2 protein chains.
Amino acid sequence: MSKRIGVLLSGCGVFDGSEIHEAVLTLLALDRAGAQAVCMAPNTDQYHVINHLTQQETGEKRNVLVESARIARGVIQDLKDVKASDIDGLILPGGFGAAKNLSDFAFKGPDAAVHPEVKRLLQEMTAAGKPVGGICIAPATVTKALADKKPEVTIGNDPGTAQGIEAMGGRHHTCTVDMIHVDKNHKIVTTPAYMLGPGIKEVAQGIEKLVNKVVELAG
Amino acid sequence: MSKRIGVLLSGCGVFDGSEIHEAVLTLLALDRAGAQAVCMAPNTDQYHVINHLTQQETGEKRNVLVESARIARGVIQDLKDVKASDIDGLILPGGFGAAKNLSDFAFKGPDAAVHPEVKRLLQEMTAAGKPVGGICIAPATVTKALADKKPEVTIGNDPGTAQGIEAMGGRHHTCTVDMIHVDKNHKIVTTPAYMLGPGIKEVAQGIEKLVNKVVELAG
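Cut-offs applied
Residues numbered from 1 in each chain as written. Chains lettered and ligands numbered in written order. Predicted model: local features only at pLDDT ≥ 70, side-chain atom pairs only at ≥ 80, totals over all residues. Heavy atoms only, no water. Axes fitted to C-alpha atoms, helices over the stretch in contact; angles between N-to-C directions. Helix = DSSP H or I, 4+ residues; strand = E, 2+ residues; numbered from the N terminus. Parallel < 35°, antiparallel > 145°, perpendicular 65-115°, else oblique. Contact = heavy atoms within 4.5 Å. Nonpolar A, V, L, I, M, F, W, Y, C, P; charged D, E, K, R; others polar. Salt bridge = Lys/Arg side-chain N within 4 Å of Asp/Glu carboxyl O. Least-squares fit on C-alpha atoms with pLDDT ≥ 70 in both. Pairing = 2+ DSSP bridges. Phe/Tyr/Trp six-rings, centres within 6.5 Å; stacked < 30°, edge-to-face > 60°. Lys NZ or Arg CZ within 6 Å of the ring centre and 35° of its normal. Buried < 20%, exposed > 50% of the residue type's maximum accessible area, 1.4 Å probe, protein only. Polar contact = N/O pair within 3.5 Å; in protein donor to acceptor, adjacent residues only side chain to side chain. Buried area = accessible area lost by both parts, 1.4 Å probe.

(A) Seen up close, the packing of helix α8 (residues 200–217) of chain A against helix α1 (residues 20–32) of chain B. At a minimum axis separation of 8 Å, α8 of chain A and α1 of chain B run at an interaxial angle of 105°. With respect to each other, α8 of chain A and α1 of chain B are oriented roughly perpendicular. Counting all contacts with α8 of chain A, which are made through Ile200, Lys201, Glu202, Ala204 and Glu208 of chain A, the residues of α1 of chain B involved are Val24, Leu27, Leu28, Asp31 and Arg32 of chain B. Tallied by class, the residues present in the contact of α8 of chain A with α1 of chain B amount to five nonpolar, no polar and five charged.

Pasting the structure below:
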């Protein structure tokens, strides 16, 4: 039977939701690895909506689960209904949504609060010895949720973000876009993706490695 | 100098805009082929907005260019500002947006009208001998825009859609998801993608072949 890997989305669009390329590259690599993607998102309003042409706030209200369903082609679950026992591994693509909707790290840095259901599932996964992958800025949210484990992660090489991760109890490791960092003790796999860029083909290299490592570590 | 290939988007989400996987897989294959993607979309309201979780209409208004910018990470042009002389080839990803916003084929079948700017650019490209790629349902819109050429296209094997294409003057060829059909006379390349599925890795095979063929035919 193929392994079931959760993909925790945070909306649909780099500035207010999941980074779309990172999410799709995750789904592609999972399918190629013979794993089954289990898409999910919290059923909650987005922090805000950004016009991606002008980068201005629009004042609209959009729901994280409803917008994430665009990436998942409608096949998606409410995060609150997913338990660690339902999946063999969990991956969080990046995009500002991972630090605006899954936590508020984008606004509060080390003082961020993690969405309660996100925190619950991340803690359940680690307690069960199941792997967690974090892409781009998502490792900041993973670090805050699992701060007591002092997780080792990478977000690339941005000094401010790395400092924020260390301030939350994490240990930051510099990494290039085509590579991953693996915290072997806690089975946490991270890659910088669009925190570094420069383009989709380089981002795809790191994400493919991350997905393959998460699938390998998944039971 | 790398070839510049237009990617004509129609929103962001399979049920009311561009199919997100198909659009991202196009951008990935272009980058891997050493081509430069030039994203564009018409600056017009979507036909409607569909909640991708429930598949119901929401009554919201959203703009095709603004929503397409989510897939393009903000780097996108208004279609009306793009001429055939600006690009070496043009690709239309699928999703219902390609038959709801770029034309109204989804509602009117063979009696569809093509958005004037979409029609203009497609006709300019073909007149200039530059290649056009159409993915999933987009070949229906391409056929209507270029009906006087009697283009050869594929949308897979759906009898109703194939009939609609023939009724508009096109010639439909059955094709599997991992393959492409090439109209050599008019440099039109098409692949069924999610008209057939079954999943992202199969869709990626056809799209990669389509992109490589369009890049090859581009000057």
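(B) Summary view of the packing of helix α5 (residues 116–127) of chain A against helix α6 (residues 138–145) of chain A. All names here are of chain A. Running from N to C, α5 and α6 cross one another at 75°; their axes reach a closest spacing of 9 Å. Considered as vectors, α5 and α6 are oriented roughly perpendicular to each other. Contacts between α5 and α6 involve Val118, Lys119, Leu122 and Gln123 on the former and, on the latter, Thr141, Val142 and Ala145. Grouping the amino acids of the contact of α5 with α6 by side-chain chemistry returns four nonpolar, two polar and one charged.

(C) Local environment of unusual backbone geometry. Omega for the bond connecting glycine 197 of chain A with proline 198 of chain A falls within 30 degrees of zero, at 5°, which places this linkage in the cis form. Position of proline 198 of chain A among the secondary structure elements: in the loop between β9 (188–191) and α8. Unlike most non-glycine residues, arginine 73 of chain B shows phi in positive territory, near 55°. In this structure, arginine 73 of chain B sits in the loop between α2 (64–71) and β3 (77–78).

(D) Structural context of the pattern of salt bridges. Evaluation of the coordinates by the stated rule reveals 26 salt bridges over all chains. Here arginine 62 of chain A makes a salt bridge to glutamate 60 of chain A, at a shortest N to O gap of 3.0 Å. Through salt bridges with shared partners, a single network forms among Asp16, Glu60 and Arg62 of chain A together with Glu67 and Arg70 of chain B.

(E) Layout of the relation of the copies chain A and chain B. Taken as rigid bodies, chain A and chain B are interconverted by a rotation of 180° and an axial shift of 0.0 Å, the fit giving an RMSD of 0.0 Å. What the rotation and shift describe, once combined, is the action of a two-fold rotation axis. Relative to the rotation axis, the C-alpha of valine 24 of chain A is the closest in chain A, positioned 3.5 Å from it. In this assembly the copies share their binding face: 100% of the residues contributing to the interface of chain A also contribute to that of chain B.

(F) Structural detail: the sheet that holds strand β4 (residues 89–92) of chain A. All names here are of chain A. Overall, mixed pairing links the seven strands, which are arranged β3-β2-β1-β4-β5-β9-β8 in an open sheet. At either end of the open sheet lies a strand with only one pairing partner, and these are β3 (77–78) and β8 (181–183). Looking at chain direction, β8 and β9 are connected through three bridges and run antiparallel. What sits directly across from valine 182, in β9, is valine 189. Set on the sheet, α6 makes contact with β4, β5 (132–135) and β9; between it and β5 the angle comes to about 135°.

(G) Just the packing of aromatic side chains, in detail. By the definition in use, this model includes two aromatic pairs over all chains. If you follow arginine 73 of chain A out to its NZ or CZ, it ends over the ring of tyrosine 194 of chain B, 3.5 Å from the centre. Positioned above the aromatic ring of phenylalanine 96 of chain B is the side chain of lysine 100 of chain B, whose terminal nitrogen or guanidinium carbon lies 4.8 Å from the ring centre.

(H) Region of interest: α2 of chain B. In terms of burial, α2 of chain B is a largely internal element, eight of the eight residues being buried. Buried within α2 of chain B are the following residues: Val64, Leu65, Val66, Glu67, Ser68, Ala69, Arg70 and Ile71 of chain B. Structurally, α2 of chain B contributes buried residues whose contacts are with α1 (20–32) of chain A together with α1, β2 (36–41) and β3 of chain B. Taking the backbone nitrogen of leucine 65 of chain B as reference, a side-chain oxygen 2.8 Å away marks asparagine 63 of chain B as the first, capping residue of α2 of chain B.

(I) Summary view of the interface of chain A and chain B. Contacts between the two partners involve 37 residues from chain A, matched on the other side by 37 residues from chain B. For the chain A and chain B pair, buried surface summed over both sides reaches about 3200 Å², with 58% attributable to carbon and sulfur atoms. At the surface where chain A touches chain B, the tally comes to eight salt bridges. The closest approach of N and O atoms between aspartate 16 of chain A and arginine 70 of chain B, which form a salt bridge, is 2.8 Å. Taken together, the connections running from chain A to chain B amount to 16 residue pairs in polar contact (both at pLDDT 80 or more). Of all the secondary structure elements, the ones that give two or more residues to the side of chain A that touches chain B are α1, α2 (64–71) and α8 of chain A.

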